[in-house]
Amino acid sequence: MKFSADCDHVVVRVPGKINLALRSGPRRPDGYHDLVTIFQAVSVYDNVRAEHAPPGEISVEVLGPKAAAVPTGLANLAGQAAARLAAWAGAEHRLGVRLVIEKDIPVTGGMAGGSADAAGALLACATLWDLSIDSARLAVLGAELGADVPFCLRGGTALGVNRGDQLTPVLSRGTYHWLLALDEQGLSTPAVFSRFDQLYPRGSQPLKAEQSICDALAKGDAEQLGKALVNDLQPAALNLRPDLWEVYSSGLELGALGAVVSGSGPTIAFLCRSEAAAIELSVQLSSEGLGHNLRRVHGPVPGARLLI
Ligand code: C5P
C-alpha cells in the first residue's frame, strides 16, 4: 500500500486502550512476559501532527496539560518511530519530520499512551514521506518499539498473544460505555510487572484466553462482560497503590457492571449499562469525593486514522 497525502502536513488520530482481560505468564529470559490479552480501543485520543523538517531532523513537541511529564525528541517513542521508519526506508539522511502530539490519553495510565503516539507517528510519517509500506510491515516496525503499538494501529477489539503484539480480531457487537477513574500519579509499567513477578513467580496457570469475555462480546452482553473482566496485573498495581481500592470498590457498590484496572494501571475502568448509567456513576463518585478525574468513554473505536 502507498501511504500518500499531497500536502505539507498530516494529522493522525489514535485511541487509547483498555484490557478487558490480561493474563500473564512468568518473566521470560528477554525480560518480557507472555501475555494473553483482549484489547478494546476506547474514545480517548491523541492527535499526532507531522510536517516536513530539514533532512535528517526529527523533533517531537508535546502539547496538553500533562505535556511536561512526557519526553520530547528521540526520547519520545513517537520520535523513535519516525527514526525507525526512516531507517527502514533507507533514507535517514534524506527524511525529516517535526512531530507535534496533542495529548489527551492519560500519561503512564495503563492505556498505551506512549504506544499510541508511536502508532500515530508511524502512520503520519509513512503518509507525509509518501512511502510504499503495507500495514503489516508498519505493525512489525511498531512491535519493535512497544508491545501495544500494533494494537494502537489497528484498534477495535483484538486478542493479543506473545508480548501482546501478535493480534487476532475478536468479534464484538454493540458499544460499551465506560467510566474511567484517572489518577494523577501514574504507575510505571516495568514496576508493576516486577511486583507481579514477586507476587506470582509462576504467572497465570494455565495461560489462556477468557472464553466468557469472547462469548459476552459476541453477544453484545455488557452484564456478562462486566462479570468476566480480569487482569492479572491488577493485584500488583493495587499492591503498589492500595489507595486505589476505595474508588474501585465504591464504583462497584454504586452499580458498575464490572471494574478492572487498565493494563498496568493506575486507571480504573468501570463498565456501565449505558451512557446515562456512566453519567450517573460519575456524579455519585464525585459527590462522595472519589475519583477526582473521571472520564466517560466508549468502545470499541477504530485504531490510528488519518484526519487530514
Ligand atoms: O513494550 P513496552 O515498552 O510497552 O513495555 C514496557 C515494559 O513493560 C517492558 O520493558 C517490560 O518491563 C514490561 N512488559 C512485559 N511484558 C510484556 C509487555 C511489557 O514485561 N508482554
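Provided above is the structure to which this section pertains.
This text gives an overview of the structure that appears in the document. Given the structure is predicted, the values throughout are model-derived calculations rather than measurements.

### Description of the pattern of salt bridges
Point 1. Taken as a whole and assessed by the stated rule, the structure comprises 18 salt bridges.
Point 2. With its nearest N and O atoms 3.0 Å apart, the salt bridge here joins glutamate 51 to arginine 49.
Point 3. The exposure class of arginine 49 is partly exposed, given its relative accessible area of 31%.
Point 4. Here glutamate 223 makes a salt bridge to arginine 273, at a shortest N to O gap of 3.0 Å.

### A closer look at the nonpolar core
Point 1. By size, the foremost hydrophobic cluster in this structure holds 66 residues, and its most contacted members are Leu20, Leu85, Leu99, Trp129, Trp178 and Leu225.
Point 2. Broken down by element, this core gets its largest block of residues, ten residues, from helix H2 (residues 113-128).
Point 3. Summarising the domain contributions, this core has at least three residues from each of domain 1 (9-169) and domain 2 (176-299).
Point 4. Leucine 225 has contacts with Leu20, Tyr176, Ile213, Ala216, Leu217 and Leu271, leaving out every residue within four places of it along the chain.
Point 5. Membership of the second largest hydrophobic core comes to 26 residues, among which are Leu179, Val192, Ile268 and Leu285.

### A few points about unusual backbone geometry
Point 1. For the bond from glycine 265 to proline 266, the omega torsion is 5 degrees, close enough to zero to count as cis.
Point 2. In this fold, proline 266 is placed in the loop between strand E9 (258-261) and strand E10 (268-272).
Point 3. The omega torsion across glycine 299 and proline 300 is 0 degrees, close enough to zero to call that bond cis.
Point 4. When you line up the elements, proline 300 lands in the loop between strand E11 (293-299) and strand E12 (305-306).
Point 5. The phi torsion at alanine 112 lies on the positive side, around 65 degrees, for a residue other than glycine.
Point 6. With respect to the helices and strands, alanine 112 occurs in the loop between strand E4 (97-102) and H2.
Point 7. At aspartate 130, a position not held by glycine, the phi torsion is positive, near 60 degrees.
Point 8. Examined against the element boundaries, aspartate 130 turns out to sit in the loop between H2 and helix H3 (135-145).

### Re the site of the ligand
Point 1. Lining the immediate environment of the ligand, one finds Gly31, Tyr32, His33, Leu35, Gly146, Ala147, Arg163, Thr189, Pro190 and Phe193.
Point 2. Between an oxygen atom of the ligand and a side-chain N or O atom of histidine 33, the distance comes to 2.6 Å.
Point 3. Taking arginine 163, its main chain carries an N or O atom lying 3.1 Å from a nitrogen atom of the ligand.
Point 4. About the coverage of the ligand: the protein hides 77% of its 450 Å² of free accessible area.
Point 5. A molecule is said to occupy a pocket when more than half its atoms come within 2 Å of that pocket's grid points, and by this definition the ligand occupies the largest pocket.
Point 6. Counting residues per element, the ones that place at least two in the shell around the ligand are strand E2 (33-52) and helix H5 (189-199).

### Description of the sheet that holds E9
Point 1. Strand order in the open sheet formed by four strands is E9-E10-E7-E11, with antiparallel pairing between adjacent strands. Each having just a single partner strand, E9 and E11 make up the two edges of the open sheet. The average angle at which neighbouring strand axes cross in this sheet is 25 degrees, direction not considered.

### Side note on the packing of aromatic side chains
Point 1. Counted under the stated rule, the structure contains three aromatic pairs.
Point 2. Their ring planes at 40 degrees and their centres at 5.6 Å tell us that phenylalanine 196 and tyrosine 200 sit as a pair that is tilted.
Point 3. Here tyrosine 200 falls in the partly exposed class, since its relative accessible area comes to 36%.
Point 4. An angle of 85 degrees between the planes, with centres 5.5 Å apart, marks the rings of tryptophan 245 and tyrosine 248 as edge-to-face. Taken together, the residues span about one helical turn, with tryptophan 245 and tyrosine 248 both in helix H9 (residues 245-253) at a distance of three residues.

### Remarks on the pairing of strand E1 (residues 9-27)
Walk down a regular strand and you will see the side chains alternate between the two sheet faces.
Point 1. Counting buried positions over the 19 residues of E1 gives 15, a clear majority of the element.
Point 2. Here E1 pairs with E2 via 16 bridges, running antiparallel. Paired with histidine 9 across the bridge in E2 is glutamate 51.
Point 3. Where E1 folds back onto E2 in an antiparallel hairpin, the turn is made up of five residues, including glycine 31, whose phi is positive at roughly 95 degrees.
Point 4. Strand direction decides the pairing type here: E1 and E12, joined by two bridges, are antiparallel. The residue of E12 that forms the bridge with valine 12 is leucine 306.
Point 5. Of the pairings in the sheet, the one linking E1 to strand E8 (residues 230-231) comprises two bridges and is parallel in character.

Calculation rules
- Every chain's residues receive numbers from 1 upward, in the order its sequence appears when written.
- Predicted model: local features are reported for residues with pLDDT of at least 70 only, side-chain atom pairs are reported and counted for 80 or more only, and whole-chain, interface and lining totals are derived from all residues.
- Hydrogens and water molecules were not included; the side-chain quantities draw on all heavy atoms of the structure.
- Criterion for a salt bridge: a side-chain nitrogen of Lys or Arg within 4 Å of a carboxyl oxygen of Asp or Glu.
- Buried means the residue's accessible area, taken with a 1.4 Å probe over protein chains only, is under 20% of the maximum for its type, while exposed means over 50%, and partly exposed covers the values in between.
- Definition of nonpolar core: a set of buried residues of the types Ala, Val, Leu, Ile, Met, Phe, Trp, Tyr and Cys, connected through side-chain atoms within 4.5 Å.
- Each helix is a run of H or I in the DSSP string that is no shorter than four residues. Each strand is a run of E no shorter than two, and both are numbered from the N terminus.
- Domain ranges listed in this record stem from an automatic or a database domain assignment.
- The contact definition used throughout considers only heavy atoms, calling two residues in contact when any of these lie within 4.5 Å.
- Here a residue is near a molecule or strand as soon as one of its heavy atoms is found within 4 Å of it.
- Polar contact criterion, stated in full: a pair of N or O atoms within 3.5 Å, where within protein one must be able to donate a hydrogen and the other to accept it, and residues adjacent in sequence count only if both atoms are side-chain atoms.
- Only the protein chains shown count as cover for residues, with accessible areas throughout obtained via the Shrake-Rupley method and a probe of 1.4 Å.
- In this analysis the probe radius is 1.4 Å and the grid spacing 1 Å, with only protein atoms considered; a cavity is a set of points the probe fits into but cannot get out of, a pocket is an open set with protein on both sides within 12 Å along at least five of seven lines, and lining residues have an atom within 4 Å of a point.
- Being in a pocket or cavity means that more than half of the molecule's atoms lie within 2 Å of its grid points.
- Pairing between strands requires that DSSP locate at least two bridges from one strand to the other.
- Angular values range over 0 to 180 degrees, each being the angle between N-to-C directions of two axes fitted as lines to C-alpha atoms, with helices fitted over their stretch in contact.
- Aromatic pairs are defined between Phe, Tyr and Trp rings, using the six-membered ring for Trp, whenever the two ring centres lie within 6.5 Å; interplanar angles under 30 degrees are classed as stacked, those over 60 as edge-to-face, and all others as tilted.

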